Amino acid sequence: MMTIHTALTIAGTDPTGGAGIQADLKTFQEREVFGMSVITSVLAQNTTGVKKIEHMSLELIEAQLQAVITDISPSAVKTGMIATPAMMELLADYVKDLNVPYICDPVMIAKSGDPLMDEHSRQSMQRTLIPHATIVTPNIPEAQDLTGLTIQSIADMERAAKMIVTEFGAKAAVVKAGYLHEHSTDVLYANNQITHLHAQRTNTIHLHGTGCTFSAAITAELAKGYSLEQAVSTGKSFISDAISYTLELGKGNGPTNHWGYRLKGLPKS
Ligand SMILES: Nc1ncnc2c1ncn2[C@@H]1O[C@H](COP(=O)(O)OP(=O)(O)OP(=O)(O)O)[C@@H](O)[C@H]1O
Ligand SMILES: Cc1ncc(COP(=O)(O)O)c(N)n1
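Residues numbered from 1 in each chain as written. Chains lettered and ligands numbered in written order. Predicted model: local features only at pLDDT ≥ 70, side-chain atom pairs only at ≥ 80, totals over all residues.

Caption draft 1: Highlighting the overall build of the protein. Secondary structure summary: the protein contains eight helices and nine strands in total. A globule of 269 residues ought to have a C-alpha radius of gyration of about 18 Å, and the protein, at 17 Å, matches this closely. Overall, the protein is about 45 × 45 × 35 Å in size when its C-alpha atoms are taken along their principal axes. Expressed as a percentage of its 269 residues, the buried residues of the protein come to 51%. (Helix = DSSP H or I, 4+ residues; strand = E, 2+ residues; numbered from the N terminus. Rg over C-alpha atoms; globule rule 2.2 N^0.38 Å. Buried ≥ 20, exposed ≤ 12 C-beta atoms within 10 Å, placed from the backbone.)

Caption draft 2: Representation of the site of ligand 2 in the model. Taken together, 19 residues lie around ligand 2, and G12, A19, G20, A110 and K111 are the ones closest in. Listing elements by their share of the shell around ligand 2, those giving two or more residues are β1 (6-12), β2 (34-46) and α7 (210-223). (Near = placed C-beta within 6 Å.)

Caption draft 3: The confidence of the model for the protein, seen in detail. Mean pLDDT over the protein stands at 95; residues scoring 70 or higher make up 100%. This prediction of the complex comes with two scores: 0.97 for pTM and 0.96 for ipTM. (pLDDT = per-residue confidence, 0-100.)

Caption draft 4: Here's a closer look at the UniProt feature "domain: Pyridoxamine kinase/Phosphomethylpyrimidine kinase" (unreviewed entry) in the protein. The residues that UniProt annotates with the feature "domain: Pyridoxamine kinase/Phosphomethylpyrimidine kinase" (unreviewed entry) are residues 14-257. Taken end to end, residues 14-257 is 40% helix and 18% strand, and its two terminal C-alpha atoms sit 15 Å from one another. (UniProt positions renumbered as here; feature names shortened; annotations may be inferred.)

Caption draft 5: Focus on the pairing of strand β8 (residues 186-190). Taken across its five residues, β8 has five buried, putting it largely inside the fold. The alternating pattern of β8 places D186, L188 and A190 on one face and V187 and Y189 on the opposite face, and all of these are buried. Across four bridges, the pairing between strand β7 (residues 172-175) and β8 is antiparallel. Each residue of the ladder has a partner; that of V174, found in β8, is L188. Note: β8 against strand β9 (residues 193-197), five bridges, orientation antiparallel. Bridge pairing in β9 links D186 to L197. Counted along the chain from β8 to the antiparallel partner β9, the turn is two residues long, and its residue N191 has a positive phi close to 50°. (Pairing = 2+ DSSP bridges.)

Caption draft 6: Geometry of the site of ligand 1. Near ligand 1, the surroundings consist of 24 residues, among which N139, K176, G178, S184 and G211 are the closest. Elements that contribute at least two residues to the shell around ligand 1 include exactly α7 and α8 (228-244). Looking at side-chain class alone, the shell around ligand 1 contains nine nonpolar, ten polar and five charged residues. (Nonpolar A, V, L, I, M, F, W, Y, C, P; charged D, E, K, R; others polar.)

Caption draft 7: How the structure looks around the nonpolar core. In terms of nonpolar packing, the biggest core is built from 74 residues, with I135, A161 and A173 touching the most fellow members. At eight residues, α7 tops the list of elements feeding residues into this core. For A161, the contacting residues outside a window of four places in its chain are A173, V174, V175, V187, L188 and Y189. (Core = buried A, V, L, I, M, F, W, Y, C linked by C-beta atoms within 7 Å. Contact = placed C-beta atoms within 7 Å.)

Caption draft 8: Summary view of the environment of E248. Within the secondary structure layout, E248 lies in the segment after α8. You can call E248 exposed: it has 11 C-beta atoms within 10 Å. Placed 164 residues apart in sequence, E248 and T84 show a C-alpha to C-alpha distance of 33 Å. Not counting the four nearest positions on each side in its chain, E248 is found in contact with H206 and G254.

Caption draft 9: Quick look at the packing of helix α1 (residues 20-30) against α7. Packing of α1 against α7 brings their axes to within 8 Å, and their N-to-C directions diverge by 40°. Considering their axes alone, α1 and α7 lie oblique with respect to each other. α7 is crossed by α1, and the crossing has right-handed handedness. Here α1 contributes G20, A23, D24, T27 and F28 to the contact with α7, which in turn contributes C212, T213, A216, A217 and A220. Here the contact of α1 with α7 is composed, by residue class, of six nonpolar, three polar and one charged. (Axes fitted to C-alpha atoms, helices over the stretch in contact; angles between N-to-C directions. Parallel < 35°, antiparallel > 145°, perpendicular 65-115°, else oblique. Left-handed = near helix turned anticlockwise from the far one by under 90°.)

Caption draft 10: Region of the structure containing the pairing of β1. In terms of residue burial, β1 counts as a mostly covered element, since six of its seven residues are buried. Pairing of β1 with β2, which is carried by seven bridges, proceeds in the parallel orientation. What sits directly across from T9, in β2, is S37. Where the polypeptide runs from β1 across α1 and back to β2, its parallel neighbour, the crossover connection is right-handed. Bridge count between β1 and strand β4 (residues 76-79): four bridges; the pairing is parallel. By the bridge assignment, T9 is partnered in β4 with K78. (Right-handed = clockwise from strand over helix to strand, strands pointing away.)

This is the structure:
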């Protein structure tokens, strides 16, 4: 019988489909992994920003988790927007006990500038979720916030990735270059080795949900049993195509194209 790989995302929502749970499920589907989701917060947001946020109760988050894991066991699990320390405490126990690859995307602020996590949650993330992570996927501001370093160069990204592993106990970290503007070379630290992931930078404003999509693609590949290096490399190629085959949707910073990789080699509009 065919092996079915499954992945669970635990995160907030985006009704316009570009970020959060919706971006994760689309990405899992494109990578041929059966996607499942637990919603932590419901957001009224679109390509112009976040209008309203309501957090789910801890009881409802736990009931969703129980519904999934008592029925279909995930081959890998990912967390995205986890807004409060109490949610982090709850989820830390679950990701530890699931004992499958765990991808921690430390979502703090939306690209629109709207906060997705309260101030004191930032320290909690380091203590609760990060030590259990197979890989942590911060963007530059998140990596700065976690490590206290100022990140302006590839060498700074290397230092931050290494620190997340050696000081906070994650197995690996990839620091993403999105915010640096002059290049899109991400830095992976895994198995005591630094790897640079290069991709051509696309000149576009449509970058809503890039981090969610990248980490979901990594999650899908780890669910299939690929190594960290292979999973991150496939994730990088997936997000680069999703960005470059832009859809130009929305009135603000639009979503990426989750089927972009299927268009590889075709002209870009
Ligand atoms: N203009 C661009 N061209 C090519 N790749 C890009 C561009 N912007 C970001 N990327 C890539 O997209 C991936 C996500 O990085 P980014 O730094 O945007 O994450 P993020 O800020 O967490 O995303 P978000 O918060 O929007 O979900 C990385 O691999 C990064 O290099
Ligand atoms: C539920 C949720 N999770 C993550 C993001 C980050 O994505 P971006 O920084 O592109 O807005 C978001 N906007 N919404």
